[in-house]
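Read off the chains here:
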Amino acid sequence: MDALRQTFEQQLAAALPGVEITPERPKSGELGDLAFPCFRAAKQLGKNPVALAQELAASLHVEGAALVAAGPYLNLKLAPETRAQAVLGAILQAPAGRPYGAHPANGKKVIVEYSSPNIAKLFTIGHLRSTMIGHALAQVHQFLGYDVVRLNHLGDWGTQFGTLLAAYTRWAEAENPELQRDFDWAEPAPEKRRTPLFRLFQLYVRFHAEEEQDPAMRDEARDWFKRLEANDPQARALWKRFRDLSLAEFQRIYDRLGVRFDTLAQGEAFYEDRLVPTMQRLEDAGLLVEGDKGARIIHLEDVGIATPCLVQKGDGTSIYATRDLAAALYRKEAYAFDRCLYVVGTDQVLHFQQIFAVLDKLDPWFKGRMVHTPFGMVKLPEGKMSTRKGNVIFLEDVLDEARERVAAIIEEKNPELKDKADVAEMLGMGAVVFFDAMNDRVKPITFTWDRVIALDGDTGPYVQYAHARILSVLRKAGGDWAAKAQAGLAEGPFLPFADSPIPADLGGLAAPEAQALLFELAGLPGAIGAVAEGCMATPLARQLVSVARSFSGFYTNCPILAPDNTPDVREARLALCVATARVLRQGLFLMGIQAPEEM
Ligand code: ARG
């Protein structure tokens, strides 16, 4: 395909000197494989775009393809066998270790910072967005040849620890001496909630509720944070325990989601001994100004940001922004990155504008390297989720519920299925993660159970089902057909598929439905590129749905194992099945979704 594109581009460039040549993907394979919109060229040449398209169609020639004018577009359409050859070749004979759509190393380093939950709070459905969008971005960048560093800026420092320490010492220790073991101080909670982290969460909610009545409690919390920053041993020990407990629980969730980080050790607390030097650098650069009540701020009006960046409170304690500045300076030294992506919600747009603006003032090196990729908040029908108020939806509940719904369907439709529990988990996860990806990244999402774990329509399970159906066909075909669609365990984003020959005769793929499927498969590299460009998984999710849907058309209209198929037809169609299964499995894998082989 790349070679044909090149020839097409070269011919166009020769015919239209001085014109930018950027062929696109036509709307459907019916129209062709590449489309050159003639508008701009026509304008530049003072011609009519429709006439120009016709002129080019008549004068250019690309071996193995037809050039057809369709209105203002010049379409390049491959002969059916050429298309099959090009697409199957790219998928089945991809270079070793570099599956279809992957690029060789490009020497560029990208930091993807994602998930970043706050310690001692539970994982809510809101954290899913940062975690899975970030995971997909990390996977895709690595797939595209970037050197990727996966960081988690854990919220393991800050005034919320003052609140927790105050709440814990106030109630937990006093009310239940057994607490050292399991925090079992509160009213009985549902069994699966009896985790230490949930106890901490309850403490946190209770403190905020009572603080409304008794504002003096606010000072108590502030004092505890000061003690923590001042290295008070009791505060330190408790903080460390809360942190360890949280990390263990987060790790369990990351394992369940199949998400990993290069380190979990670079949370906010990691930057503690870099805060003073950071403040010093800001001071030396002449950026610090005295704000209200002795606070230290940086003015940013000159770069169009009205709200100054607060970097130190009046009582001398650091804040979130200080730690982000320290983190960015550290990352420059430690990683010398080309880009740093912050996958953080839209509610922090101003925060990152401020941080990036301060960094630009401090060191021009940062200019253009820092990217906030905001995502819309997950809302409940009744409004925003709030950990403080305790009205949140926990991620694990969503994953569990999705798994249970799938399990019930399996029980009803396919009770003999092997590894039922694993399949239910994969499909439940597929539903939840895919739902998230199909949503526009920046728009808020209203959470309702039925939408998030829907199994019908343009969902993860629909794509997973297409994959499983293909494997079932391949198993029935016998020989090593099923093995050709399988891949061993993967390091990073690359599924190691083996090289597989392309059948000599591809005449069995001439039908329009087979051609349509080939066209959708050809769209994968572009969709993956669009994920990195737009910093969201949506284009990939959509393309996978298109592939699954066109597979369904192919499957219905082009019998694969029909006894009256010639061996050539059968082999060509099976090869297309293998290619499709690989693409679906690899695509889902980039998004953090597993594809079961049976369902
Ligand atoms: N812990 C923060 C939160 O839950 C997100 C951290 C985002 N990353 C950053 N570098 N500030 O809101």
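Before reading on, note that the structure itself is shown above.
Residues numbered from 1 in each chain as written. Predicted model: local features only at pLDDT ≥ 70, side-chain atom pairs only at ≥ 80, totals over all residues. Heavy atoms only, no water.

1. Regarding the overall build of the protein
For step 1, the next point in the chain: Along its length, the protein carries 22 helices and 13 strands.
For step 2, the next point in the chain: Its C-alpha atoms put the protein at 80 × 65 × 40 Å along the principal axes.
For step 3, the next point in the chain: Considering only contacts within the protein whose residues lie at least 6 apart along the sequence, 73% involve residues at least 24 apart.
For step 4, the next point in the chain: Within the structure as shown, the protein displays about 25700 Å² of accessible surface, and the carbon and sulfur contribution to it stands at 52%.
For step 5, the next point in the chain: Once the 66 positive and 77 negative side-chain charges of the protein are each reduced to a mean point, those two points are 2 Å apart. (Helix = DSSP H or I, 4+ residues; strand = E, 2+ residues; numbered from the N terminus. Contact = heavy atoms within 4.5 Å. Areas by Shrake-Rupley, 256 points an atom, 1.4 Å probe, with all protein chains shown as cover. Lys, Arg positive; Asp, Glu negative; His and termini not counted. Charge placed at Lys NZ, Arg CZ, Asp CG, Glu CD.)

2. Some details on the packing of aromatic side chains
Remark: the centre distance and the inter-plane angle together describe each pair of aromatic rings, the angle taken between the planes.
For step 1, the next point in the chain: Across all of its chains, the model carries 22 aromatic pairs by this definition.
For step 2, the next point in the chain: Aromatic pair tyrosine 271 and tyrosine 330: ring centres 5.9 Å apart, planes at 65°, arrangement edge-to-face. With tyrosine 271 in the loop between α10 (233-257) and α11 (275-284) and tyrosine 330 in helix α12 (residues 320-335), this residue pair connects regions lying 59 residues apart in the sequence. Just as tyrosine 271 is buried, tyrosine 330 falls in that class too.
For step 3, the next point in the chain: Where phenylalanine 447 meets tryptophan 449, the ring centres are 5.2 Å apart and the plane angle is 80°; that geometry is what we call edge-to-face. (Phe/Tyr/Trp six-rings, centres within 6.5 Å; stacked < 30°, edge-to-face > 60°. Buried < 20%, exposed > 50% of the residue type's maximum accessible area, 1.4 Å probe, protein only.)

3. A look at the pattern of salt bridges
Oppositely charged side chains can form a pair if their charged atoms are brought close together.
For step 1, the next point in the chain: For the coordinates displayed, the defined rule picks out 35 salt bridges.
For step 2, the next point in the chain: The residue arginine 256 makes a salt bridge to glutamate 396 at a minimum N-O spacing of 3.8 Å. One end of the pair, arginine 256, is in helix α10; the other, glutamate 396, is in helix α14 (residues 395-413), and 140 residues separate them in sequence.
For step 3, the next point in the chain: Here aspartate 400 makes a salt bridge to arginine 256, at a shortest N to O gap of 2.8 Å. Of this pair, aspartate 400 sits in helix α14 while arginine 256 sits in helix α10, and the two are 144 residues apart along the sequence. (Salt bridge = Lys/Arg side-chain N within 4 Å of Asp/Glu carboxyl O.)

4. Describing the nonpolar core
For step 1, the next point in the chain: In this structure, Leu88, Leu509 and Phe554 are the most contacted members of the largest nonpolar core, which totals 133 residues.
For step 2, the next point in the chain: Ranked by residues supplied to this core, first place goes to helix α22 (residues 567-591) with 13 residues.
For step 3, the next point in the chain: With residues up to four places along the chain from it excluded, the contact list for phenylalanine 554 reads Leu509, Glu513, Ala514, Leu517, Ile560, Arg573, Leu576 and Cys577.
For step 4, the next point in the chain: Counting residues in hydrophobic clusters, the runner-up holds 31 residues, among them Leu288, Ala328, Cys340 and Val344. (Core = buried A, V, L, I, M, F, W, Y, C linked by side-chain atoms within 4.5 Å.)

5. Section: the sheet that holds strand β3 (residues 73-78)
The strands making up a sheet associate through hydrogen bonds between their backbones, and the pairing can be parallel or antiparallel.
For step 1, the next point in the chain: Spatial ordering of the open sheet is given by β1-β3-β2, a layout of 3 strands whose pairing is antiparallel. Sheet topology places β1 (34-37) and β2 (65-70) at the edges, where each strand pairs with a single neighbour. Averaged over all pairs of adjacent strands, the angle between their axes in this sheet comes to 20°, without regard to strand direction.
For step 2, the next point in the chain: Pairing analysis gives 4 bridges linking β1 to β3, with the strands arranged antiparallel. Residue alanine 35 lies in a different strand from β3, and its bridge partner there is asparagine 75. (Pairing = 2+ DSSP bridges. Axes fitted to C-alpha atoms, helices over the stretch in contact; angles between N-to-C directions.)

6. Remarks on the packing of helix α19 (residues 512-522) against α22
For step 1, the next point in the chain: Following both chains from N to C, one finds α19 and α22 inclined at 30°, their axes separated by 11 Å at the closest point. Judged by the sense of rotation from one axis to the other, the crossing of α19 with α22 is left-handed. Residues Ala514, Leu517, Leu518 and Leu521 of α19 pack against Leu576, Thr580 and Val583 of α22. (Left-handed = near helix turned anticlockwise from the far one by under 90°.)

7. Quick word on the site of the ligand
For step 1, the next point in the chain: By nearness alone, every residue bordering the ligand is listed as Glu113, Ser116, Asn118, His153, Tyr320, Asp324, Tyr342, Val344, Gln348 and Phe352.
For step 2, the next point in the chain: In this structure, glutamate 113 approaches the ligand through a side-chain N or O atom, which is 2.8 Å from a nitrogen atom.
For step 3, the next point in the chain: One of the side-chain N or O atoms of aspartate 324 is found 2.7 Å from a nitrogen atom in the ligand.
For step 4, the next point in the chain: Out of a free accessible area of 350 Å², the ligand has 87% covered by protein chains. (Near = heavy atom within 4 Å. Polar contact = N/O pair within 3.5 Å; in protein donor to acceptor, adjacent residues only side chain to side chain.)

8. A word on the sheet that holds strand β10 (residues 370-372)
For step 1, the next point in the chain: Judged by pairing direction, the sheet is parallel, and its 4 strands sit side by side in the order β5-β4-β9-β10 without closing on themselves. Strands with a single pairing partner mark the edges of an open sheet, and in this sheet they are β5 (147-151) and β10. Averaged over all neighbouring strand pairs, the angle between strand axes comes to 20°, with direction disregarded.
For step 2, the next point in the chain: As judged from the 5 bridges shared by strand β4 (residues 109-113) and β5, these two strands associate in the parallel manner. Across the sheet, residue valine 112 finds its bridge partner in β5, namely arginine 150.
For step 3, the next point in the chain: The strands touched by helix α5 (residues 125-143) within the sheet are β4, β5 and β9 (339-342), with β5 carrying the most contacts at an inclination of about 160°.

9. Thoughts on unusual backbone geometry
For step 1, the next point in the chain: Positive phi, close to 75°, is recorded for serine 115, a residue that is not glycine.
For step 2, the next point in the chain: On the accessibility criterion, serine 115 (4% relative accessible area) is buried.
For step 3, the next point in the chain: Unusually for a residue other than glycine, aspartate 419 sits at a positive phi of about 50°.
For step 4, the next point in the chain: Structurally, aspartate 419 can be placed in the loop between α14 and α15 (420-438).

10. With respect to the packing of helix α8 (residues 196-213) against helix α9 (residues 216-229)
For step 1, the next point in the chain: At their nearest, the axes of α8 and α9 sit 7 Å apart, and the two run at 135° to each other. Here α8 lies oblique to α9, going by the angle between them. Packed against α8, whose contacting residues are Phe207, Glu210 and Glu211, the element α9 presents Met217, Arg218 and Ala221 at the interface.
For step 2, the next point in the chain: Residue composition of the contact of α8 with α9, grouped by class: 3 nonpolar, no polar and 3 charged. (Parallel < 35°, antiparallel > 145°, perpendicular 65-115°, else oblique. Nonpolar A, V, L, I, M, F, W, Y, C, P; charged D, E, K, R; others polar.)

11. A short note on helix α3 (residues 49-59)
For step 1, the next point in the chain: Of the positions making up α3, those classed as buried are Leu52, Ala53, Leu56 and Ala57. An end-on view of α3 places all buried positions within 135° of arc, on one side of the element. More than 90 degrees from the buried face of α3, the exposed residues found are Ala58 and Ser59.
For step 2, the next point in the chain: The inward-facing, buried residues of α3 contact α1 (2-15), β1, α2 (39-45), β2 and β3.
For step 3, the next point in the chain: Of the residues that open α3, the one with a side-chain oxygen 2.7 Å from the backbone nitrogen of valine 50 is asparagine 48. (Arc of directions from axis to C-beta.)

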